[in-house]
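Summary of structural features
Chain by chain, the residues:
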Amino acid sequence: MTTATANASRWSRFRESFLWYSFKRDKVAIVSFVVFVLIAAAAFLAPLLAPHDPYDLATINIMNSELPPVWMDGSDPSFPLGTDAQGRDLLSTILYGTRVSLLIGFGAVILQAALGILFGLLAGYLGGRVDSILMRIADVQLSFSTLMVAIIVGAVFKASFGNLMFGEIAIYLLILIIGVAEWPQIARTVRASVLAEKKKEYVDAAKVMGYRTNRIMFRHILPNTLSPIFVIGTVQIANAIISEAALSFLGLGMPETQPSLGSLIKSGFDYIQSGSWWITLIPGLVLVVLVLVINLLGDWLRDVMNPRLYKG
Amino acid sequence: MLAFLVQRIGQAILVMFVISVISFAIQDGLGDPLRQMVGQSVSDAEREQLREDLGLNDPIVVQYARFATNAVQGDLGNSYFYGEPTLDVIMDHLPATLELVIAASLMIIFLSIPIGVYAAIRPRAWLSKFFMGVSTVGISIPVFLTAIVLIQLFSIGVTVDWFPADTGWGQWLNDVFSTDGGMPSYGRGQELTHLFGTWDSNFFSWDGLLHLLLPAVSLASIMLPLFIRLIRAEMMEVLQSDYIRYAQAKGISPWRINFLHALKNTMLPVITVGGVQIGIMVAYTILTETVFQWPGVGLMFLEAITRSDIPLIVAYLMVVGLIFVITNTVVDLVYGLVNPTVKLTGKKA
C-alpha cells in the first residue's frame with residue numbers, strides 16, 4: 001500500500017518535472033527515443049521476432065548465400081533483407097547482432113561508470129597524492145585515445161587466450177576491454193563535480209556530525225553528481241558501441257559464429273567487391289542509426305541538465 | 001619557462017618508462033621464446049642450457065634492464081615474420097602512415113576553420129545548421145563505415161535508375177546520382193616518388209594522389225565534425241567578449257574583427273585539443289589502413305597480431321607511444337609559449 005502510493009507520487013512528480021516537460025516539447029528527443037526503444041525492443045525480442053535462428057547451423061543452407069534484399073532482382077521472399085555469405089538470413093543476424101552490440105555497450109558503460117565513479121570520488125574528495133596519481137593515469141590513458149588502448153588490450157588478450165577461447169568469452173572480454181579503456185572520461189566528470197560539491201555546507205554538516213568518509217562520499221556527494229554522469233554515460237554508450245564495432249571489424253571482437261554489428265560489417269566487407277553491398281551496408285546503417293539516436297538523446301540530456309561538460 | 005620545459009620533459013620520460021614496462025610485460029607474458037626457436041627434438045637439458053644462455057632465468061628486473069638498454073639504443077629485437085630488426089620494418093611502413101595523417105590533417109585544417117568560423121558568425125543561417133547537422137551525424141559514423149561507403153560509391157560505383165530513363169530529365173537525374181566508380185581503393189599505387197631513405201611519397205604524382213584521396217578523406221571524416229564543433233563553440237564564446245565589442249564599436253570591419261582578432265584567440269584551445277587529436281589519429285589509421293589495405297604501420301600492426309609476431313607488436317607499441325608522448329609534449333610547450341597564463345597552472349600541478 002505504502003509502496004503503491006510512493007510509486008504513484010514518484011510518477012506524478014516525474015510528470016510534473018522539467019525533464020518530462022522539455023522532453024514533450026523536443027521533437028528530436030521524442031523521435032530519437034522512439035527509434036531507440038524500437039531498435040532495443042526488436043533486438044531483445046530477437047528470438048521471438050527473427051524469422052530464422054542464425055546460431056542454428058542446421059537451418060543454414062549454403063545455396064542461399066549472397067541473396068539480395070527483396071526489392072532487388074533474384075531475391076527470395078523468405079529472406080527480407082537478403083542473406084550473407086554463409087546463407088544466414090540477414091534480418092535475423094542483424095537482430096541478434098544488435099542485441100550483442102547493445103549488451104556490450106551497456107555492460108561496458110556500467111563497468112566504466114563503476115570504475116569512474118569510484119576513482120572520480122576518491123580523487124575529488126581525498127585530493128592530494130591520490131588525486132594526482134589517479135588523474136595522471138587518466139591523462140595518459142586519454143592522450144593515448146581510448147580506441148588505441150582498447151585495440152592493444154584486445155590484441156594482448158587475443159594472443160594470450162588463443163582464437164577459440166577468445167571467441168567463447170568474447171562478450172565479457174569486450175565489456176572488460178572497453179570498460180577499462182574508457183573509465184577516465186567518467187572519472188574526470190565525477191571529479192570535477194565532486195570538487196564543486198565538497199565546498200558546500202551540507203558536506204561540512206555531515207563531517208561535523210561525525211559521519212565516516214565513505215558515507216559522505218557515497219551517500220551525500222554521489223547523489224548530487226549524478227546528472228553529469230547520466231549525460232556522459234549516455235554518450236559513452238554510443239562510444240562503447242562504436243568501439244565494439246571497431247574492435248570486431250579488426251577481428252579483435254565477436255567471432256563470426258556469434259556476430260555483433262561490427263563483425264557483420266567485417267564479414268560483409270570481404271564480399272563488397274563482388275557487388276553484395278547489402279551484407280555490409282545494412283548492418284552499417286543499423287549501427288549508424290543506433291549510435292545517432294543515442295548521441296541525439298545525449299545532446300538533449302546535456303541541454304536539459306546543463307552540466308558544464310564540454311569545455312576545453 | 002625552463003621549469004615548465006623540464007617538468008614536461010620529465011613527465012614524458014616517466015610515461016615512456018611506463019610504456020616500456022607494459023611492453024616488456026607483454027613480451028614476457030606472451031608465449032615462450034624457446035618454443036619459437038627450437039623444435040621438439042631438443043632435450044630438456046639443452047633447453048635449460050639455452051634458457052640460461054639467453055638470460056631467461058635472470059631476475060625479472062635484470063631482464064627488464066636489458067630490454068630497456070637495448071630499446072634506448074634502438075634495438076627492439078627481430079620480427080619473427082620479416083626476419084629483420086623490428087625498427088627497420090616499422091621505418092619501412094611509417095612513411096605511408098605519416099603521409100595519410102598529413103593529408104587528412106591538411107583537409108581538416110582547411111575545411112574545419114572556415115566552416116567553424118562561419119557557423120559561429122551566422123549561427124542561424126541554414127548553411128550553418130546544415131553543417132552542424134552533418135557533423136552530428138558524422139560523429140555517429142565509425143571511420144571504417146565511412147571508408148566502406150566511399151569504396152562502394154566511388155570505387156565500385158553506383159548505377160541509379162530510380163527515375164524514368166525515357167524522359168530527358170529522368171535520364172539526367174539518373175546520371176547525376178550515379179557514379180562511374182574506378183577510384184583506386186587498394187594500396188598506394190605504383191607511381192611513388194622516392195624521396196630519401198625509405199621514404200616513398202604519394203604526394204608527387206597524380207596516381208599517388210588518387211590513391212591517397214579516399215583513405216585520407218575517411219580518416220579526416222572522423223575528426224572533422226569534432227573540430228568544426230570545437231571551433232564554433234570557442235569562436236562563439238570569443239565573440240561575446242568585451243574586446244570584440246569594443247572593436248565593433250570602433251567600427252573596424254567585421255572581416256578584420258572575425259579573422260584577425262577573434263580567430264587568434266579561438267585557435268588557442270584548438271591547438272591543444274587539435275594537437276592531441278592528430279596524435280590520436282594514429283590510432284584510427286589502424287582502421288583506415290585495414291579497409292584500404294594501405295601499407296602503413298597500422299596494417300602492419302594488425303598483421304603482426306594475427307601472426308603473433310610479438311617483437312613487432314612490442315616495437316609498434318613503443319614507437320606509437322613515443323609518437324604520442326612527443327606530440328603531447330610539443331603541444332603543451334607550444335601552448336605554454338602562445339598562452340603565457342598557462343605557466344601558473346603548470347607550476348601548481
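Residues numbered from 1 in each chain as written. Chains lettered and ligands numbered in written order. Predicted model: local features only at pLDDT ≥ 70, side-chain atom pairs only at ≥ 80, totals over all residues. Heavy atoms only, no water.

Re the side chain of Ser101(A)
Residues and elements named next belong to chain A. Mapped onto the fold, Ser 101 is located in helix H5 (residues 90–126). For Ser 101, a relative accessible area of 0% corresponds to the buried category. Only 3.5 Å separates the side chain of Ser 101 from the side chain of Glu 244, close enough to count as a polar contact. Within polar-contact distance, the side chain of Ser 101 engages the backbone nitrogen of Leu 261 at 3.3 Å. Residues in contact with Ser 101, not counting those within four places in the same chain, are Ile 241, Glu 244, Ser 260 and Leu 261. (Helix = DSSP H or I, 4+ residues; strand = E, 2+ residues; numbered from the N terminus. Buried < 20%, exposed > 50% of the residue type's maximum accessible area, 1.4 Å probe, protein only. Polar contact = N/O pair within 3.5 Å; in protein donor to acceptor, adjacent residues only side chain to side chain. Contact = heavy atoms within 4.5 Å.)

Description of empty space enclosed by the protein
All names here are of chain B. In this structure the tally under the stated criterion is one cavity of 30 Å³ or more. Of the pockets and cavities examined, the largest cavity occupies roughly 60 Å³. As for the largest cavity, its lining consists of Ile 90, Leu 94, Thr 97, Leu 98, Val 101, Val 282, Val 297, Tyr 316, Val 319, Val 320 and Ile 323. Per-class residue counts for the lining of the largest cavity are 10 nonpolar, one polar and no charged. (1 Å grid on protein atoms, 1.4 Å probe; cavity = no way out; pocket = protein on both sides within 12 Å on 5 of 7 lines; lining within 4 Å. Points joined across faces, edges and corners; volume = space filled by probe spheres on them. Nonpolar A, V, L, I, M, F, W, Y, C, P; charged D, E, K, R; others polar.)

Some details on the nonpolar core
Counting 138 residues, the largest nonpolar core has Met148(A), Tyr284(B), Leu287(B), Val291(B) and Tyr316(B) as its most contacted members. The dominant element in this core, judged by the number of residues it contributes, is helix H9 (residues 206–239) of chain B, at 15 residues. Among all residues touching Tyr284(B), those that are not within four sequence positions of it are Leu147(A), Val143(B), Leu219(B), Ile222(B) and Met223(B). Within the second largest apolar cluster, 15 residues are counted, among which are Val190(A), Val203(A), Ala206(A) and Ile221(A). (Core = buried A, V, L, I, M, F, W, Y, C linked by side-chain atoms within 4.5 Å.)

A look at the environment of Leu210(B)
Residues and elements named next belong to chain B. Positionally, Leu 210 belongs in helix H9. For the pair formed by Leu 210 and Ile 305, sequence separation is 95 residues and the distance between their alpha carbons is 30 Å. Ignoring anything within four residues of it in the chain, the contact list for Leu 210 reads Met 183 and Pro 184.

So, the pattern of salt bridges
Residues and elements named next belong to chain A. Per the counting criterion, the structure on display carries four salt bridges over all chains. A salt bridge links Lys 200 to Glu 197; the nearest nitrogen and oxygen atoms lie 3.3 Å apart. Linking Arg 302 and Asp 299 is a salt bridge whose minimum nitrogen-to-oxygen distance equals 3.7 Å. Of this pair, Arg 302 and Asp 299 both sit in helix H14 (residues 278–305), separated by three residues, roughly a single helical turn. (Salt bridge = Lys/Arg side-chain N within 4 Å of Asp/Glu carboxyl O.)

Some words on the interface of chain A and chain B
Taken residue by residue, the interface counts 37 residues in chain A and 39 residues in chain B. For the pairing of chain A and chain B, the buried interface totals around 3300 Å² over both sides, and the portion due to carbon and sulfur atoms is 79%. At the junction of chain A and chain B, the tally comes to one salt bridge. Between Asp299(A) and Arg229(B) there is a salt bridge; the shortest N-O distance is 3.7 Å. The tally of links between chain A and chain B comes to one residue pair in polar contact (both at pLDDT 80 or more). Mapped onto the side of chain A that touches chain B, the elements with two or more residues apiece are helix H6 (128–143), helix H7 (146–161), helix H12 (226–249), helix H13 (261–269) and H14 of chain A. When residues in the side of chain A that touches chain B are grouped by element, the largest group, 10 residues, is from H14(A). Residue classes in the side of chain A that touches chain B are distributed as 26 nonpolar, eight polar and three charged. (Buried area = accessible area lost by both parts, 1.4 Å probe.)

Geometric descriptors of this kind do not, in isolation, establish any biological role.
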